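These are the residues of each chain, in order.
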Amino acid sequence: MTEKKTALVTGSTAGIGRAVALTLAKLGHHVIINGRRAADEASGLVSELKSISGGCIYVSGDIAREETRKEIIEALRKEGGLDVLVNNAGRTTSGRKDILALDEKDILDVFQVNLIGPMLLSSALVPLMKERSGRSYIINIASISSYTVSTNRADYCISKAGMSMMTQLYAARLAMDNIGVFEVRPGIISTDMTVPVREKYDRLIAEGLLPMPRWGQPEDVAKAVESIVLGYFPYSTGEIINVDGGFHIRRL
């Protein structure tokens, strides 16, 4: 009997995480989802995922908190291991503060969720991934902000740049353990996070910011995750998959 695969998607109650969770469920994965919303607020998504793949567990809480990470680990132990970890949870400073106005709390709050939490969670889950018979995957959802300067989101940019290096480090360390580590780098994606700047990016896209002149959708990012877990990159690790409408292309 084929071993049913298990996936964990952090920050998965909306936007990119939700699209990724649904995609993995459609591939037959038992999906564990996580977010800061109360359990009753995530009940609709849990029911939808169960109807697709037959199982789903929701762990409510912030991955920056040790208690949440322990609860996630315990849930995965009960599942007998982990095949796919998608580090998607992320946040930026409320109000998009100028770099000169950031205080210690602003920086630490963002770094805890975007970088420190994912690092600690990834390391803690490696033993559970080693228990699986096939190749396992850590997929980090980074951002074009890892190399694109936004002085009113410096904390977010630096944390995502750190996640890019995190991808390389874990890829090198875990290659011999049959764990592939990849970075999916979204561009301008239509989510709750980009609602406040919708008008700005509508204008920039109309003026030619992107070779592909449209907003990205969460499902575009989920398709990149799908291609990884389907095993289409068997001789790759540490790779960056840009999902940005060609934004990364330098043009004159």
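Quick caveat, the model's predicted, so the values are computed rather than measured.

A.B. asks: Before we go on, may I ask you to explain the sheet that holds strand β1 (residues 6–9) in this structure?
C.D. replies: Strand pairing within a sheet occurs via backbone hydrogen bonds; the two strands may be parallel or antiparallel. Taken in spatial order, the seven strands of this open sheet run β3-β2-β1-β4-β5-β6-β7, and their pairing is parallel. This sheet does not close on itself; its edge strands, each paired only once, are β3 (56–60) and β7 (240–243). Looking at each pair of strands side by side, their axes are set apart by 15° on average, direction ignored. One ladder, built from four bridges, connects β1 with strand β2 (residues 30–35); its direction is parallel. Following the sheet pairing, V9 is matched in β2 by I33. Running over the sheet, helix α5 (residues 154–174) touches β4 (84–87), β5 (136–141) and β6 (179–186) and is turned about 160° from β6.

A.B. asks: Mind showing me how you'd approach the packing of helix α1 (residues 15–26) against helix α7 (residues 218–229) here?
C.D. replies: When two helices pack together, you describe them by how their axes are tilted relative to each other and by the distance separating the axes. One can describe the packing of α1 onto α7 by two numbers: an axis separation of 8 Å at closest approach and a directional angle of 45°. Put simply, α1 runs oblique to α7. By crossing handedness, the relation of α1 to α7 is classed as right-handed. On the side of α1, the interface is formed by G15, I16, A19, V20, T23 and L24, while α7 contributes P218, E219, V221, A222, V225, E226 and V229.

How each quantity is defined
- Every chain's residues receive numbers from 1 upward, in the order its sequence appears when written.
- This being a predicted model, a pLDDT of at least 70 is required before a residue's local features are given, and a value of 80 or more before pairs of side-chain atoms are given or counted; all residues contribute to the totals for chains, interfaces and linings.
- Excluded from the side-chain calculation are hydrogens and water; included are all heavy atoms of the structure.
- Should DSSP find at least two bridges between two strands, the strands are regarded as paired.
- Numbering of helices and strands runs from the N terminus, with a helix taken as a DSSP run of H or I at least four residues long and a strand as a DSSP run of E at least two residues long.
- All axes here are fitted lines through C-alpha atoms, helices being fitted over the stretch that makes contact, and every angle between N-to-C directions spans 0 to 180 degrees.
- By definition in these notes, contact holds between two residues if any of their heavy atoms fall within 4.5 Å.
- Note that the term roughly parallel is reserved for angles under 35 degrees, roughly antiparallel for angles over 145, roughly perpendicular for angles of 65 to 115, and oblique for everything else.
- Crossings are sorted by hand: turned counterclockwise from the far helix by less than a right angle, the near helix makes the crossing left-handed, and turned clockwise it makes it right-handed.

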